[in-house]
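Chain residues, written in single-letter form:
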Amino acid sequence: MSEDKPVENAIRQKLTEALKPQHLDVINESYMHNVPKGTESHFKVVIVSSAFENVKRLQKHQLVHKAIQEELDNSIHALSIVAKTPAEWEVSQDVGKSPPCRGGAGL
C-alpha cells in the first residue's frame, strides 16, 4: 500500500475486511473537483460482494458506509457507490460515469 494515499488505502482495507469483495475499485475522483492537488476527498467505490445477496440497494450502501464510517466522518466529502452481487456484476459491469463537479469542497 502506498503511504501517500492513506484515505484510499484505509477504504480499500476496511471494505476488504468487512465485505470480502470479489471485485473492488477505490477511485479517487478528487482531481475532478476544485480541491488542492493530492487531496483525498471525493471517491467512487465499485464493490462486488456476496455480502450483498438478497440485500436492497440502500442496505448495500449502508454496509459500505458502516465499514468506512471513520473516513466518512473525517476525510470524505463525497462518495459514489456501485455495489453489486457477483450475479449482478456478471450481467453488467457498467458503473456509470461520474457527474461533473458542481462546485468546490471549500478545502
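Sequence order as written defines residue numbering, which begins from 1 separately in each chain. Whole-chain, interface and lining totals are the exception, using all residues; otherwise, since this is a predicted model, local features are given only for residues with pLDDT of at least 70 and side-chain atom pairs are given and counted only at 80 or more. The basis for every side-chain value is the complete set of heavy atoms in the structure, and neither hydrogens nor water enter the calculation.

As named in an unreviewed UniProt entry, the chain is Bola 1-like protein, taken from Plakobranchus ocellatus. UniProt positions are given in the numbering used here, feature names are shortened, and annotations may be inferred rather than shown by experiment. Note on the chain: under the UniProt heading Sequence similarities (unreviewed entry), the record states "Belongs to the BolA/IbaG family."

(A) Structural context of the side chain of lysine 60. Tracing the chain through its elements places lysine 60 in helix 2 (residues 57-67). Accessibility expressed as a relative area gives 6% for lysine 60, which makes it buried. Pairing of N or O atoms within 3.5 Å defines a polar contact, subject to two protein rules: one partner must be a possible hydrogen donor and the other a possible acceptor, and residues neighboring in sequence count only if both atoms are side-chain atoms. Side-chain polar atoms of lysine 60 contact the side chain of glutamate 88, separated by 2.8 Å. By the convention used here, residues are in contact when the closest approach between their heavy atoms is within 4.5 Å. Look past the residues within four positions of lysine 60 in its chain and what remains in contact with it is Phe52, Val55, Ala83, Lys84, Thr85 and Glu88. In this text, helices come from DSSP runs of H or I with a minimum length of four residues, and strands from runs of E with a minimum of two, each type numbered from the N-terminal end. To sort residues, take the accessible area from a 1.4 Å probe on protein chains only and compare it with the maximum for the residue type: under 20% means buried, over 50% means exposed, and anything in between is partly exposed.

(B) Structural detail: the nonpolar core. What we call a nonpolar core is a set of buried Ala, Val, Leu, Ile, Met, Phe, Trp, Tyr and Cys residues that are connected through their side-chain atoms within 4.5 Å. Core analysis: the biggest nonpolar cluster contains 17 residues, and Ile11, Leu15, Ile47, Val64, Ile68 and Ile76 have the highest contact counts within it. Those elements that provide at least two residues to this core are helix 1 (6-19), strand 1 (23-28), strand 2 (42-48), helix 2 and strand 3 (78-84). Here this core gets 4 residues from one element, more than from any other, and that element is helix 1. Setting aside its immediate chain neighbours within four residues, isoleucine 11 contacts Val26, Phe43, Val45, Ile68, Glu71 and Ile76.

(C) Main features of the packing of helix 1 against helix 2. Each axis is a line fitted through C-alpha atoms, and for a helix only the stretch in contact is used; angles between axes span 0 to 180 degrees, taken between their N-to-C directions. It is the contact of helix 1 with helix 2, at a shortest axis distance of 9 Å, that shows an interaxial angle of 120°. For the element pair helix 1 / helix 2, the angle class is oblique. In this structure, helix 1 crosses over helix 2, and the sense of that crossing is right-handed. Here Lys14, Leu15, Ala18 and Leu19 of helix 1 come into contact with helix 2, specifically with Leu63, Val64 and Ala67. Angular relationships are summarised with four words: roughly parallel below 35 degrees, roughly antiparallel beyond 145, roughly perpendicular across 65 to 115, and oblique for the angles in between. Crossing handedness: left-handed means the near helix sits turned counterclockwise from the far one by under a right angle, and right-handed means the same turn made clockwise.

(D) Spotlight on the environment of proline 21. As for its position among the elements, proline 21 is in the loop between helix 1 and strand 1. It is 16 Å that separates the C-alpha atoms of proline 21 and glutamate 8, two residues lying 13 residues apart in sequence. Excluding anything up to four places from it in sequence, proline 21 contacts Leu15, Thr16, Ile47, Val48 and Ser49.

(E) Region of the structure containing helix 1. Each residue after the first adds 1.5 Å to the expected span of a helix. With 14 residues, helix 1 ought to run about 20 Å at 1.5 Å a step, and its terminal C-alpha atoms sit 20 Å apart, in line with that. Restricting attention to buried positions, one finds in helix 1 the residues Val7, Glu8, Asn9, Ala10, Ile11, Leu15 and Leu19. For helix 1, the secondary structure elements touched by its buried residues are strand 1, strand 2, helix 2 and helix 3 (69-74). One or two steps after helix 1, the chain reaches lysine 20, where phi turns positive at roughly 45°.

(F) Representation of helix 2 within the structure. By the burial criterion, the buried members of helix 2 are Lys60, Val64 and Ala67. When helix 2 is viewed along its axis, its buried side chains cluster within an angular range of 65° and face the same direction. Helix 2 presents Leu58 and Lys66 as exposed residues on the side facing more than 90 degrees away from its buried surface. What the arc describes is the spread of directions from the helix axis to the C-beta atoms.

(G) The pattern of salt bridges, seen in detail. Salt bridge criterion: a side-chain nitrogen from Lys or Arg within 4 Å of a carboxyl oxygen from Asp or Glu. Tallying each qualifying case throughout the model produces 4 salt bridges. Close ionic contact of lysine 14 with glutamate 71 constitutes a salt bridge, the shortest N to O distance being 2.9 Å. Of this pair, lysine 14 sits in helix 1 while glutamate 71 sits in helix 3, and the two are 57 residues apart along the sequence. Looking at glutamate 71, the relative accessible area reads 8%, which means it is buried. Lysine 60 serves as the salt-bridge partner of glutamate 88, at 2.8 Å between the closest nitrogen and oxygen. Here the residue glutamate 88 occupies a position in helix 4 (residues 86-91), and lysine 60 occupies one in helix 2, the gap between them amounting to 28 residues. Because the salt bridges share partners, they merge into one network encompassing Lys14, Glu70 and Glu71.

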